[in-house]
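Okay, here's what each chain looks like letter by letter:
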Amino acid sequence: MATMRNLSFDAIIIGGGGAGLRAALELAKSGKKTAVLSKVFPTRSHTVSAQGGITCAIGSADPNDDWRWHMYDTVKGSDYIGDQDAIEYMCTEGPKAVFELEHMGLPFSRFDNGRIYQRPFGGQSKDFGKGGQAARTCAAADRTGHALLHTLYQNNLKSNTVFLNEWYAVDLVRNQKNDVVGVIAMCIETGEVVLIKSKATVLATGGAGRIYASTTNALINTGDGIGMALRAGFPVQDIEMWQFHPTGIHGAGVLVTEGCRGEGGYLINKDGERFMERYAPNAKDLAGRDVVARSMVLEILEGRGCGENGDHVMLKLDHLGEDVLLKRLPGIVELSKTFAHVDPVKEPIPVVPTCHYMMGGIPTNVHGQALTIDENGKDTVINGLYACGEVACVSVHGSNRLGGNSLLDLVVFGRAAGMYIEESLNNGFEYHEPTDSDVEASLLRLNRWNESSEGETVPDLKAELQQIMQNNFGVFRKEENMQKGVKLLAELRERIAHAYLPDKSNGFNTARIEALELDNLLEVAEATAIAALERRESRGAHSREDYPDRDDENWLKHSIYFPAEKKLGQRDVNFSPKTVDTFEPKVRTY
Amino acid sequence: MSTLQVSVYRYNAETDSAPYMQDFEIDTHGRDLMVLNILQMLKAKDSTLVFRASCREGVCGSDGMNMNGKNGLACVTPLSEVVKNNKLVLRPLPGLPVMRDLVVDMALFYKQYERIQPYLQNENPAPAIERLQSPEERDKLDGLYECILCACCSTSCPSFWWNPDKFVGPAGLLWAYRFMADSRDTATRDRLAEIDDPFSVFRCRGIMNCVNVCPKGLNPTRAIGKIRELLMANAT
Ligand SMILES: Cc1cc2nc3c(=O)[nH]c(=O)nc-3n(C[C@H](O)[C@H](O)[C@H](O)COP(=O)(O)OP(=O)(O)OC[C@H]3O[C@@H](n4cnc5c(N)ncnc54)[C@H](O)[C@@H]3O)c2cc1C
Ligand code: SF4
Ligand code: SF4
Ligand code: FES
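Residues numbered from 1 in each chain as written. Chains lettered and ligands numbered in written order. Predicted model: local features only at pLDDT ≥ 70, side-chain atom pairs only at ≥ 80, totals over all residues. Heavy atoms only, no water.

Engineer: Any chance you could break down the overall build of chain B for me, citing the residues and the numbers?
Structural biologist: Scanning chain B from terminus to terminus reveals nine helices and seven strands. Seen through its C-alpha atoms, chain B measures out along the principal axes to roughly 60 × 35 × 30 Å. Counting all 236 residues of chain B, 56% fall into the buried class. The long-range fraction of contacts in chain B, counting pairs at least 24 apart against all pairs at least 6 apart in sequence, stands at 65%. Here chain B has roughly 9,900 Å² of accessible surface; of this, 51% comes from carbon and sulfur atoms. (Helix = DSSP H or I, 4+ residues; strand = E, 2+ residues; numbered from the N terminus. Buried < 20%, exposed > 50% of the residue type's maximum accessible area, 1.4 Å probe, protein only. Contact = heavy atoms within 4.5 Å. Areas by Shrake-Rupley, 256 points an atom, 1.4 Å probe, with all protein chains shown as cover.)

Below is the structure:
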């Protein structure tokens, strides 16, 4: 401990995906001593996989498009537990953030008039749901995330941002006042463990789709930020809300974008029927993702699934023609050939709803400041801790995210967090150093793994965890399964606490990283399970067979999970946008 | 026959005095798995085996490696594409220092990338909305911007092996041309001046190894040809 090297920053940003890099750019320009710390080289972050686009009312496809319509769609999509002040902020600031990306060089596809190409996505409408389908998702072919992430990385190079690449954040460090004052991190190349002290610590660690056996998420999406926050005793919000994307490639889990349906593709069952016409007569295949995913599962359960086992449906694209497919969806053509062995120019793609996105996360305000709740139920800022991107819950997605709204969330709130941190550093605040025992506390679990001498190993435990989540917390949920799941996870926690890390070497020890990630997967899984069990209603992505209706009387609320007591509380949803009237909850149909 | 013979390059500076090849047998149950799946199965047997991976779908560039003599991405390379005589030999990308097992130190590769100033430069103030670009102008970026920085190309290029400090290499040059080809970029002249020496571009011998291995189907040789043309035109 005495020998541990210390590094000091004004702000340390944990995560080099879209959110982290956007925040970093803001701070690099400010001249504050900042670094981005990422467990993979930044362009290998999961943002690189985003395909379909970034949704924003920039008025290109339709010059009359209006951010208020985007806001309406987002509120409705959230099933009314998205915070309206935050959604308003995202939809109004959005165009600025998208144009900035373009100015930085993002190679958007274009319309004939030279403006940014926009495609229709699910849940989009004109005129507050009355004017038909909108086309609001700005795209760079079907490689928008790749284009966005590389552009942001490149502009950080231009701004001389400091990077700690292939460094792993282990746990947050708190001082005696419970302020976050830095993080314990490990250089993966050497295995050196370092105390990073920082006035602001930003979690931009992305999602945690790897808690499920079948997911569209990258292998590295293990919820490290959520794990760190929960271990530090901080709560998470709406963590039961997991989006299952309708079109994961059957068997592989790899995503094909909703943009496929935006460009005119549609889903069919084994009879060749376009079944979404029955479930969502107006929006059809472009209804909310939760609605489409449930319809697909019902088709499969009622015996109209495709294939030998009747366990998937088909996404038909061939009618769009080769030109459109190669121009607008070249990546999809490539992925389908590689992972489904079909050429979508000729045949439909086998697809099934697949875990995709974590709507919940660390509660924050629009400045990215992480929040907790005091004894009187009041929001309280956690000093020193910020969150943005998928790990955060600000909350613009509520219980169901609209396609293309995540990339917008990353750049709008990454930027907002950067700006706020700069301002608060300028204003100055008290920073109380951690004591030796504070630092020791954050080293406990790393030391536990390093000292382990026997026990079960990581890959088996991880597979078990993923299966528990897959079996008991999927598209449709019910009390008895969830109770079983919660119990199994509690047992798993005991077993993981005694698990074994055989490889104790220092340099590039990825087995150690996977062990540390397993702890985080467990934290996310257990919080998800308990919250899902306790939210006794159906809303957005959270669909319960035993409570099939939305219960606005009791649950027009955020859930908030406290790790110490493993209890679920509630937090008010914001219904007070600044410049428009409140969008009142209505029955949600498409 | 479903037992695959896999031979993997192993080296851990902490424990090994020299690199060696380790042999495994793996039962694939006749499935046409991806090479990355095989590596994951091996790691479940021997957790000390180290490789990089993230997206597992060929878009992040983490798992470039040499498979039966050819560079590619493990996650999108099916066994049926590489395995010969039931044998699979896995080595790190050639020409870069090995950190451990299949993990190479990419610092030199990134340095060459950074050298070409891989970001849009435009001296005119930005408009209130986006800069306009016609679809035809935008088409010129196709086949360039999709690079995932996997280094499969540069580490298959003999010119890069011999002069990794001076020859920008196929990936870096592809990026250099991506910005020269962008109607929104106004720095082509400076970009060319930066690399107008006997090594940076002209070390390319047109051997096309880079084109043959690029997992994204990109063509660095063609981009290098375009840069040469621009350099020649500038010189006259
Ligand atoms: C296949 C796919 C397609 C998608 N397509 C779209 C789309 O078209 N439009 C849209 O809006 N959204 C899309 N999404 C969602 C969107 O891509 C993600 O929500 C978003 O990219 C998350 O960005 P992020 O910056 O929060 O995190 P990420 O991009 O996941 O980055 C997380 C970062 O944190 C780092 N990190 C994590 N843990 C640690 C640790 N312990 N120590 C150090 N570093 C750490 C990682 O290295 C990484 O740099 C898609 C998602 C998927 C899965
Ligand atoms: S064509 Fe040029 S860049 Fe490509 S491998 Fe050959 S020498 Fe290298
Ligand atoms: S040009 Fe191709 S091979 Fe080279 S780094 Fe880019 S994607 Fe990889
Ligand atoms: S793991 Fe991302 S390219 Fe293979």
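Engineer: Mind laying out unusual backbone geometry, listing which residues take part and the relevant values?
Structural biologist: Following Val394 of chain A, the chain continues into Ser395 of chain A via a peptide bond in cis, with omega recorded as -10 degrees. With respect to the element layout, Ser395 of chain A can be found in the loop between β18 (392-393) and α11 (405-427). Positive phi, close to 55 degrees, is recorded for His341 of chain A, a residue that is not glycine. Positionally, His341 of chain A belongs in the loop between α10 (330-339) and β14 (349-358). Not every positive phi belongs to a glycine, and His29 of chain B is a case in point at roughly 50 degrees. Among the structural elements, His29 of chain B can be located in the loop between β2 (20-27) and α1 (35-45). On the accessibility criterion, His29 of chain B (59% relative accessible area) is exposed.

Engineer: Tell me what's going on with empty space enclosed by the protein, and back it up with residues and numbers.
Structural biologist: Residues and elements named next belong to chain A. Taken as a whole and assessed by the stated rule, the structure comprises 10 cavities of 30 Å³ or more. Considering only enclosed or pocket space, the second largest cavity measures out at about 170 Å³ in volume. By residue number, the principal contributor to the lining of the second largest cavity is α10, which donates four residues. (1 Å grid on protein atoms, 1.4 Å probe; cavity = no way out; pocket = protein on both sides within 12 Å on 5 of 7 lines; lining within 4 Å. Points joined across faces, edges and corners; volume = space filled by probe spheres on them.)

Engineer: So what's going on with the site of ligand 2? Residues and values would help.
Structural biologist: In the vicinity of ligand 2 lie 13 residues, with Cys157, Cys204, Ile207, Met208 and Cys210 of chain B positioned nearest. Tallied by class, residues from the shell around ligand 2 come to eight nonpolar, four polar and one charged. (Near = heavy atom within 4 Å. Nonpolar A, V, L, I, M, F, W, Y, C, P; charged D, E, K, R; others polar.)

Engineer: Break down the nonpolar core for me, citing the residues and quoting the values.
Structural biologist: Burial of nonpolar side chains together is a common tendency in soluble globular proteins. Ile54, Val98 and Phe413 of chain A together with Val6, Leu90 and Ile227 of chain B are the most contacted members of the largest nonpolar core, which has 141 residues in total. Viewed by domain, this core spans two of them, domain 1 (3-104) and domain 2 (107-233) of chain B, each represented by three or more residues. In contact with Leu90 of chain B, not counting residues within four places along its chain, are Val6, Ser7, Val8, Tyr9, Met21, Val35, Leu39, Asn66, Met67 and Leu102 of chain B. Judged by nonpolar contacts, the second largest core, of 86 residues, contains Ala35, Ile184, Met358 and Leu385 of chain A. (Core = buried A, V, L, I, M, F, W, Y, C linked by side-chain atoms within 4.5 Å. Domains from an automatic or database assignment.)

Engineer: How would you sum up helix α4 (residues 144-158) of chain A? Please name residues and give values.
Structural biologist: Residue and element names in this part refer to chain A. Here α4 is 15 residues long and its end C-alpha atoms lie 21 Å apart, about the 21 Å a rise of 1.5 Å per residue gives. Most of α4 is tucked away: 14 of the 15 residues are buried. Downstream of α4 by a residue or two, Asn160 has a phi angle that is positive, lying close to 60 degrees. (Expected span 1.5 Å × (residues − 1).)

Engineer: Requested: an account of the sheet that holds β14 of chain A, with residues and values cited.
Structural biologist: Residue and element names in this part refer to chain A. If you walk across this open sheet you meet the four strands as β11-β14-β13-β12, and the pairing is antiparallel. Every other strand in the sheet has two partners, leaving β11 (242-249) and β12 (266-268) as the edge strands with one partner each. Adjacent strand axes in the sheet meet at a mean angle of 50 degrees when their direction is disregarded. Sheet topology places β12 next to strand β13 (residues 313-316); three bridges connect them, and they run antiparallel. Its bridge partner lying in β13, Ile268 is registered against Met314. (Pairing = 2+ DSSP bridges. Axes fitted to C-alpha atoms, helices over the stretch in contact; angles between N-to-C directions.)

Engineer: Describe the pattern of salt bridges, naming the residues involved and giving the relevant values.
Structural biologist: Residue and element names in this part refer to chain A. For the structure shown, the criterion picks out 65 salt bridges over all chains. The shortest N-O distance in the salt bridge between Lys39 and Asp224 comes to 3.0 Å. Of this pair, Lys39 sits in the loop between β2 (34-38) and β3 (54-55) while Asp224 sits in helix α5 (residues 224-231), placing them 185 residues apart in sequence. Per residue, the accessibility class of Lys39 equals that of Asp224, and both read buried. (Salt bridge = Lys/Arg side-chain N within 4 Å of Asp/Glu carboxyl O.)

Engineer: So what about helix α3 (residues 84-104) of chain A? Which residues, and what values?
Structural biologist: All names here are of chain A. With 21 residues, α3 should cover 30 Å at 1.5 Å per step; its first-to-last C-alpha distance of 30 Å lies within 8% of that length. Remark: the principal bend of α3, roughly 45 degrees, maps to Gly94, with a proline, Pro95, within the next four residues. With 16 of 21 residues buried, α3 is to be regarded as a mostly interior element. Following α3 by one or two positions, Gly105 adopts a phi angle in the positive range, close to 120 degrees. (Bend = angle between axes of the 7 residues up to and from the residue.)

Engineer: So what's going on with the pairing of β2 of chain A? Which residues, and what values?
Structural biologist: Residue and element names in this part refer to chain A. β2 sits mainly inside the fold: five of its five residues count as buried. Alternating positions in β2 separate into two faces, Thr34, Val36 and Ser38 on one and Ala35 and Leu37 on the other, with burial throughout. Alignment of strand β1 (residues 5-14) against β2, held across four bridges, turns out to be parallel. Looking across to β2, one finds that Ile14 is bridged to Leu37.

Engineer: Explain the interface of chain B and chain A to me, using residue names and the numbers behind them.
Structural biologist: One frequently used descriptor of interface size is the decrease in accessible area upon assembly of the parts. Contacts between chain B and chain A engage 57 residues on the former and 61 residues on the latter. Here chain B meets chain A over a buried area of about 4,600 Å², counting both sides, of which 52% is carbon and sulfur. The interface formed by chain B and chain A contains seven salt bridges. Scanning the region where chain B abuts chain A turns up 31 residue pairs in polar contact (both at pLDDT 80 or more). Elements with a minimum of two residues in the side of chain B that touches chain A: α1, β6 (98-100), α3 (107-115), α4 (135-139) and α6 (169-180) of chain B. Along the lines of polarity and charge, the residues of the side of chain B that touches chain A split into 32 nonpolar, nine polar and 16 charged. (Buried area = accessible area lost by both parts, 1.4 Å probe. Polar contact = N/O pair within 3.5 Å; in protein donor to acceptor, adjacent residues only side chain to side chain.)

Engineer: So, the domain arrangement of chain B: which residues are in play, and what are the values?
Structural biologist: Residue and element names in this part refer to chain B. Segmentation of chain B into domains returns domain 1 (3-104) and domain 2 (107-233). Once you take the C-alpha centre of each, domain 1 and domain 2 turn out to be 29 Å apart. Facing 13 residues of domain 1, the contacting portion of domain 2 comprises 14 residues. Surface buried jointly by domain 1 and domain 2 totals about 1,000 Å² across both partners, of which 66% is contributed by carbon and sulfur atoms. Our count for the contact surface shared by domain 1 and domain 2 stands at zero salt bridges.

Engineer: Quick one: what's the story with the packing of aromatic side chains, residue by residue and with numbers?
Structural biologist: Residues and elements named next belong to chain A. One pass over the structure, following the stated rule, counts 15 aromatic pairs over all chains. Aromatic pair Phe41 and Tyr153: ring centres 5.2 Å apart, planes at 65 degrees, arrangement edge-to-face. Remark: Tyr153 occurs in helix α4 and Phe41 occurs in the loop between β2 and β3; sequence separation between them is 112 residues. Seen in terms of ring centroids, Tyr89 and Phe413 are 5.6 Å apart; in terms of plane orientation they differ by 35 degrees. Their pairing is tilted. Of this pair, Tyr89 sits in helix α3 while Phe413 is found in helix α11, placing the two residues 324 residues apart along the sequence. Classification of Phe413 as buried rests on a relative accessible area of 4%. Lying over the aromatic face of Tyr117, Arg328 brings its terminal NZ or CZ to 3.8 Å of the ring centre. (Phe/Tyr/Trp six-rings, centres within 6.5 Å; stacked < 30°, edge-to-face > 60°. Lys NZ or Arg CZ within 6 Å of the ring centre and 35° of its normal.)

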